[in-house]
Amino acid sequence: MAVRDLRVYADSLEGSVYHFRDKSGLECDAVIHLRSGRYGLVEIKLGGDPSFVEEGAKNLNLLASRIDTTRMKAPSFRMVLVGVGAYAYQRPDGVYVVPIGCLKD
């Protein structure tokens with residue numbers, strides 16, 4: 001359901017949502033790609049445990065560090081999508097933590 005919501009909002013921006021997995025098994029739950037060529041990486045962690053956010057951010061940072069920015073743009077954002085919470089915030093490492101209910105805003 002979270003990916004469906006991401007697709008609805010990405011579609012309103014003429015974007016698409018994809019899943020990514022590399023040959024080493026590193027994966028990203030959703031890559032939001034816009035027609036302009038900009039993209040963002042999203043990990044979905046709907047459980048309430050704070051360690052899930054840490055795990056998702058670690059995965060996103062590792063994936064972003066493996067992107068060859070001489071061949072393609074760096075991601076415009078990295079986001080951990082969570083199931084609960086009233087406010088979105090940006091971590092010191094630049095990863096956004098966004099409750100699913102905030103997507104509509």
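Residues numbered from 1 in each chain as written. Predicted model: local features only at pLDDT ≥ 70, side-chain atom pairs only at ≥ 80, totals over all residues. Heavy atoms only, no water.

A. A look at the confidence of the model for the protein chain. Averaged over all residues, the pLDDT of the protein chain equals 93, while 99% of them reach at least 70. Strand β4 (residues 77-82) holds the highest mean pLDDT among the elements of the protein chain, 97, whereas helix α1 (residues 2-12) holds the lowest, 92. (pLDDT = per-residue confidence, 0-100. Helix = DSSP H or I, 4+ residues; strand = E, 2+ residues; numbered from the N terminus.)

B. Main features of the layout of surface pockets. In this structure, the largest pocket spans a volume of roughly 360 Å³. If you go around the largest pocket, you meet 14 residues; those closest to its centre are Y9, A10, L13, I32 and F77. Broken down by element, the residue count for the lining of the largest pocket peaks at 4 residues, all from α1. Here the residues of the lining of the largest pocket sort into 10 nonpolar, 3 polar and 1 charged. What the second largest pocket holds in volume is close to 280 Å³. (1 Å grid on protein atoms, 1.4 Å probe; cavity = no way out; pocket = protein on both sides within 12 Å on 5 of 7 lines; lining within 4 Å. Points joined across faces, edges and corners; volume = space filled by probe spheres on them. Nonpolar A, V, L, I, M, F, W, Y, C, P; charged D, E, K, R; others polar.)

C. Main features of the side chain of R91. The residue R91 is located in the loop between β5 (89-90) and β6 (96-99) in this model. At a separation of 2.9 Å, a polar atom in the side chain of R91 contacts the side chain of D93. (Polar contact = N/O pair within 3.5 Å; in protein donor to acceptor, adjacent residues only side chain to side chain.)

D. Highlighting the sheet that holds β6. Read from one edge of the open sheet, 6 strands run β1-β2-β3-β4-β6-β5, paired in mixed fashion. Looking along the sheet, the strands with just one partner apiece sit at the ends: β1 (15-21) and β5. Bridge count between β1 and strand β2 (residues 27-34): 6 bridges; the pairing is antiparallel. What sits directly across from G15, in β2, is L34. α1 rests against β1, β2, β3 (39-45) and β4 of the sheet, and its axis sits at about 140° to β1. Where helix α2 (residues 50-65) meets the sheet, it contacts β1, β2, β3, β4, β5 and β6, and its direction lies at approximately 150° from that of β3. (Pairing = 2+ DSSP bridges. Contact = heavy atoms within 4.5 Å. Axes fitted to C-alpha atoms, helices over the stretch in contact; angles between N-to-C directions.)

E. Inspection of the pattern of salt bridges at higher detail. Using the criterion set out here, one finds 8 salt bridges in the structure. Across the pair D5 and R4 runs a salt bridge, and its minimum N-O distance is 2.5 Å. Judged by its relative accessible area of 45%, R4 is partly exposed. K45 is the salt-bridge partner of E55, the closest N and O atoms lying 3.2 Å from each other. One end of the pair, E55, is in helix α2; the other, K45, is in strand β3, with 10 residues separating them in the sequence. Under the relative-accessibility criterion, E55 is labelled partly exposed at 45%. One network of salt bridges, with partners in common, ties together E43, K45 and E55. (Salt bridge = Lys/Arg side-chain N within 4 Å of Asp/Glu carboxyl O. Buried < 20%, exposed > 50% of the residue type's maximum accessible area, 1.4 Å probe, protein only.)

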